[in-house]
Amino acid sequence: MMEKKLAKNDKIAINNIRMLSVEMVERAKSGHPGLPLGAAPMAWTLWSRHLRLNANDPKWFDRDRFVLSAGHGSALLYSLLHLSGFDITLDDLKHFRKFGSKTPGHPEYGVVPGVEATTGPLGQGLGMAVGMALAEAHLAAKFNKKIKVIDHYTYVLAGDGDLMEGVSHEAASFAGNQELAKLIVLYDSNDISLDGPTSRSFKTDVRQRFESYGWDTFGVADGNDVEAIDQAITAAKKTNKPTLIEVKTTIGFGSPNAGTNLVHGNPLGQENMGKLRRALDWKAPEFTVLPEVKACVQKLIVQRGQIAEKQWNKKIGELQESDPILLKQLKTAMSEVPMTDVAEDIASYENGAEASRDTSHKVIQSIAARLDEFVGGSADLASSNKTTIENSPLMNTENRDGRNIAFGVREFAQGTILNGMALHGGMRVFGGTFLVFSDYMRGAIRLAALEKLPVTYVFTHDSIAVGEDGPTHQPVEQLMSLRSIPNVTVLRPADPNETIAAWKHAIGALDHPTALILTRQKLPVLPGSSETATLGVARGGYVISVQRGLHPAGILLATGSEVYLAIKVQQALAKLGQDVSVVSMPSMELFEQQSSKYQEQVLPSDVRRRIAIEMGTTLGWQKYVGLDGSVIGIDHFGASGAADEVLAANNFTVERIVQIYQQTHSSNEIRLSAIG
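Treat the numbers as computed from the prediction; the structure is a model and nothing was measured.

Chemist: Sorry if this is basic, but what is going on with the sheet that holds strand β6 (residues 216-220) here?
Modeler: Note on sheets: strands pair through backbone hydrogen bonds, and any given pair is parallel or antiparallel. Read from one edge of the open sheet, five strands run β1-β2-β3-β7-β6, paired in parallel fashion. Either end of the sheet is taken by a strand with one partner, and the two such strands are β1 (65-68) and β6. Along the sheet, successive strands turn relative to each other by an average axial angle of 15°, direction set aside. Across six bridges, the pairing between strand β2 (residues 154-159) and strand β3 (residues 183-189) is parallel. Its bridge partner being in β3, tyrosine 155 is matched across the sheet by isoleucine 184.

Chemist: Explanation requested: the UniProt feature "binding site: substrate" (unreviewed entry) in the protein chain in the structure shown.
Modeler: When the UniProt feature table is mapped onto this chain, "binding site: substrate" (unreviewed entry) is found at His32, His264, Arg357, Ser384, His461, Asp469, His473 and Arg520. Sequence-wise these annotated residues cover 489 residues; spatially they are dispersed, their C-alpha atoms as much as 48.8 Å apart. Here histidine 461 lies in the loop between β12 (456-460) and α17 (478-483). Relative accessible area serves as the criterion here: at 5%, histidine 461 is assigned to the buried category. Ignoring sequence-local partners within four residues, the contact set of histidine 461 consists of Arg357, Ser384, Phe434, Leu435, Val466, His473, Pro475, Leu518, Thr519 and Arg520. Of note is the side chain of histidine 461, whose polar atom sits 2.9 Å from the side chain of threonine 460. Tracing the backbone through its elements, the reader meets arginine 520 in the loop between β14 (514-517) and β15 (522-524). Classification of arginine 520 as partly exposed rests on a relative accessible area of 30%. Setting aside chain neighbours within four positions, we find arginine 520 in contact with Ala355, Arg357, His461, Ala465, Val466, Gly467 and Asp469. Only 2.7 Å separates the side chain of arginine 520 from the backbone oxygen of valine 466, close enough to count as a polar contact.

Chemist: How should the pattern of salt bridges be read in this particular structure?
Modeler: Side-chain pairs of opposite charge can arise whenever the charged atoms involved come near each other. For the structure shown, the criterion picks out 25 salt bridges. Between glutamate 354 and lysine 362 there is a salt bridge, with the nearest N and O atoms lying 2.7 Å from each other. The class for lysine 362 is partly exposed, based on a relative accessible area of 39%. Each of Asp10, Arg49, Glu227 and Asp230 takes part in a single network of salt bridges with overlapping partners.

Chemist: Would you explain the packing of aromatic side chains in this entry?
Modeler: Each aromatic ring pair is summarised here by two numbers: the centre-to-centre distance and the angle between the ring planes. In the structure shown here, the tally under the stated rule is 16 aromatic pairs. Relative to tyrosine 213, the ring of phenylalanine 210 lies with its centre 6.0 Å away and its plane at 70°, an arrangement referred to as edge-to-face. Judged on exposure class, the residue phenylalanine 210 and its partner tyrosine 213 are both buried. Consider the rings of phenylalanine 434 and phenylalanine 437, whose centres lie 6.0 Å apart with planes at 15°: the pair is stacked. Pair check on accessibility: phenylalanine 434 and phenylalanine 437 agree, each one buried. Among the aromatic residues, ring-to-ring pairing joins Phe591, Tyr598, Trp621 and Tyr624 into one connected group. Here the guanidinium or amino end of lysine 182 rests over the ring plane of tyrosine 153, the centre of that ring lying 5.8 Å away. Sitting over the face of the ring of tyrosine 153, lysine 237 holds its NZ or CZ atom 5.4 Å from the ring centroid.

Chemist: Teacher, can you tell me more about helix α5 (residues 124-143) here?
Modeler: Given 3.6 residues per helical turn, the α-helix brings residues three or four places apart onto the same face. With 20 residues, α5 extends 28 Å from end C-alpha to end C-alpha; this agrees with the ideal 28 Å at 1.5 Å per step. Most of α5 sits inside the fold, with 19 of its 20 residues counted as buried.

Chemist: I tried to follow the nonpolar core on my own but got confused; where do I start?
Modeler: In a soluble, globular protein the nonpolar side chains are often hidden away together inside. Within the largest apolar cluster, 74 residues are counted, with the highest numbers of intra-cluster contacts made by Val149, Leu183, Trp215, Met421, Phe459 and Leu482. Two domains share this core, each providing at least three of its residues, namely domain 1 (1-309) and domain 2 (353-524). Val22, Leu83, Phe96 and Val115 belong to the second largest nonpolar core, which has 68 residues in total.

Chemist: Where do I start with the sheet that holds strand β16 (residues 542-545) in this structure?
Modeler: Within the open sheet, the five strands sit side by side as β16-β18-β17-β19-β20. Their pairing is mixed. Single-partner strands in this sheet number two, and they are β16 and β20 (630-632). Neighbouring strand axes in the sheet, compared pairwise and without regard to direction, differ in orientation by 30° on average.

Chemist: Any chance you could explain helix α7 (residues 166-178) here in plain terms?
Modeler: Its 13 residues give α7 an end-to-end C-alpha distance of 19 Å, which sits within 8% of 18 Å, the value for a rise of 1.5 Å per residue. Buried within α7 we find Val167, Ser168, Ala171, Ala172, Ser173, Phe174, Ala175, Gly176 and Gln178. On the buried face of α7, the contacting elements are α5, α6 (160-164), β3, α8 (206-212), β10 (404-406) and α15 (411-424).

Chemist: Hey, could you run me through the domain arrangement of the protein chain in this one?
Modeler: The figure often quoted for interface size is the accessible area lost as the parts come together. Segmenting the protein chain into domains produces domain 1 (1-309), domain 2 (353-524) and domain 3 (537-672). Distance between the C-alpha centres of domain 2 and domain 3: 27 Å. With 28 residues of domain 2 at the interface, the matching set in domain 3 holds 35 residues. Across the domain 2 to domain 3 interface the summed buried area is about 2,400 Å²; carbon plus sulfur atoms make up 61%. In this assembly, domain 2 and domain 3 are joined by two salt bridges. One salt bridge connects arginine 483 with glutamate 614, and the closest N-O pair in it is separated by 2.7 Å. Summed over the shared surface of domain 2 and domain 3, the number is 13 residue pairs in polar contact (both at pLDDT 80 or more).

Chemist: Just checking my understanding: could you explain the environment of glutamine 662 for this structure?
Modeler: Mapped onto the elements, glutamine 662 comes out in helix α25 (residues 654-675). On the accessibility criterion, glutamine 662 (32% relative accessible area) is partly exposed. Discounting residues that sit within four places of it in the chain, glutamine 662 has contacts with Leu576 and Gln578.

Chemist: What am I meant to see in the side chain of aspartate 495 here?
Modeler: Within the element layout of this structure, aspartate 495 appears in the loop between β13 (489-491) and α18 (496-508). For the buried aspartate 495, no salt bridge exists, and the shortest N-O distance to an oppositely charged side chain is 12 Å, to lysine 504. Reaching out from aspartate 495, the side chain makes a polar contact with the backbone nitrogen of asparagine 497 at a distance of 3.2 Å. At 3.0 Å, the side chain of aspartate 495 forms a polar contact with the backbone nitrogen of leucine 526. Aside from chain neighbours lying at most four places away, what touches aspartate 495 is Leu523, Pro524, Val525, Leu526 and Ser529.

Cut-offs used in this document
Residues numbered from 1 in each chain as written. Predicted model: local features only at pLDDT ≥ 70, side-chain atom pairs only at ≥ 80, totals over all residues. Heavy atoms only, no water. Pairing = 2+ DSSP bridges. Helix = DSSP H or I, 4+ residues; strand = E, 2+ residues; numbered from the N terminus. Axes fitted to C-alpha atoms, helices over the stretch in contact; angles between N-to-C directions. UniProt positions renumbered as here; feature names shortened; annotations may be inferred. Buried < 20%, exposed > 50% of the residue type's maximum accessible area, 1.4 Å probe, protein only. Contact = heavy atoms within 4.5 Å. Polar contact = N/O pair within 3.5 Å; in protein donor to acceptor, adjacent residues only side chain to side chain. Salt bridge = Lys/Arg side-chain N within 4 Å of Asp/Glu carboxyl O. Phe/Tyr/Trp six-rings, centres within 6.5 Å; stacked < 30°, edge-to-face > 60°. Lys NZ or Arg CZ within 6 Å of the ring centre and 35° of its normal. Expected span 1.5 Å × (residues − 1). Core = buried A, V, L, I, M, F, W, Y, C linked by side-chain atoms within 4.5 Å. Domains from an automatic or database assignment. Buried area = accessible area lost by both parts, 1.4 Å probe. Lys, Arg positive; Asp, Glu negative; His and termini not counted.

Written out as structure tokens, the structure is:
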């Protein structure tokens, strides 16, 4: 009798979730009703029987994480969050997809209370969940020495589209190799995508694929079978591998177009809404939460989460008694404070030359020595990116607390995993690859920027100066492309001192990702940079080599390795009686944040003879050189050959730049004469 009553409550709760979700879509006249109607039973089963979270403390550190990778089904998540007591009201549900609402079209981290990750770009939610599960395993190894203070699961609801995306292959393969046993994916297997049946483009045996990656898999034949779903999740929690549970569902369950793509991304319409109500035997007014559903949620979801956090707080108290030093370390890891002094023991460079990737490697060691939460890796290029933390093992099944991550040749997955680790909290993360391959992870970088995550990217081999590797490995458009992403700070340091300063910015950031653009070739220490680089880099741009007179006749702007070249050009022009200043512009983003007064000091508006020098696309530099200036860059692909030859062929020589400056100067003289 008790089971029948429970089954009745399940049915009512599931239908309440379904109706709230489709009513949101209907009122907005926009959205995706298909997933909530089909996947509500599995979501309810997970939330009512397994998920541990507390709406009164949404950031409770040991909560379970739930990621809706199929983010287009956001109405389902908002309904669950509202029912569970999160700060999402019925009025918020009624404003679904409206400008400025707390219920945007796709889940947005930091906007919607209880949303663990920004999802919608398919596949990335799964990748971020892998990062969360990896973070949990790492932190558990560090802090569960005596008492289990880190002990939670990461759950994902993914659809067919998620598993078609290539990043899901990368991330799932990585997760299997890491044996992330506390990662459980509920696969909403309905055989329908936006354009029609998945058979049009997809016939993969998904379970077999995941098993080949080292996952355990289970199948549930009926997506409405709550008990079968519950049993599968229970079994998954007992395995020592990540788990995929394939749940066969009917998209748009109960609606007239159920089982077709017509219900994927369009409101049902009033007539079909009426038919759905009859099919579900739903008689309540719009946006109603039935009293029995409220009571059920209070007992099954709210109380479980509150009790779980109380038990955790008790463990924290026990840890305070048994190991206060470890507890202090845990609290430090859980805090979100800027780390501004972690590279202070790196001495400034007075002379010599060093590749910025090598300087970066030294800074990484300094940060790692002072910041135990600092972890990172590379997409199988650690020896080239110089990203290895010395004296620490790989983070793997034998060394969960290792600080080096072997992401494999999986740039996109690396980006999503880093995002997931940052979202989870408890660590500061970085990852590396060649700059030219940043394209592979661009989608993840964009989400990191949107989620305001302090992820650091170490992009080396930054220009055509890689020479013999040829155009496939010589970045051209990537640098300016990264600058075009909102909320990403791009830093291209010109010498070892600027590299140290760039890392200081990156590790001190809390609300944005940072891309460090580093060289393979050696960079000479620039005159005076030991005194000027720290503040200059923090401001994004500064005069690194002043003119001889009171006011410059011209300005040379450059970044990275080209700053030294610009100083050489300055010296050559001085011999010709032309007095110019050299501006190092390591970060356009930081320079734009400075006062107009400071910008005027660096780039006096009355000095119109300007040349920007950068081994990348010229697009974007016109803002700084103006209509009278010139940009020496590369608007075509590079070539294979010795670096000196490739550079010379593309105007990156002192002689050629002097010539271009003189031509720019002459044209200005003609223009000024004509005006006069």
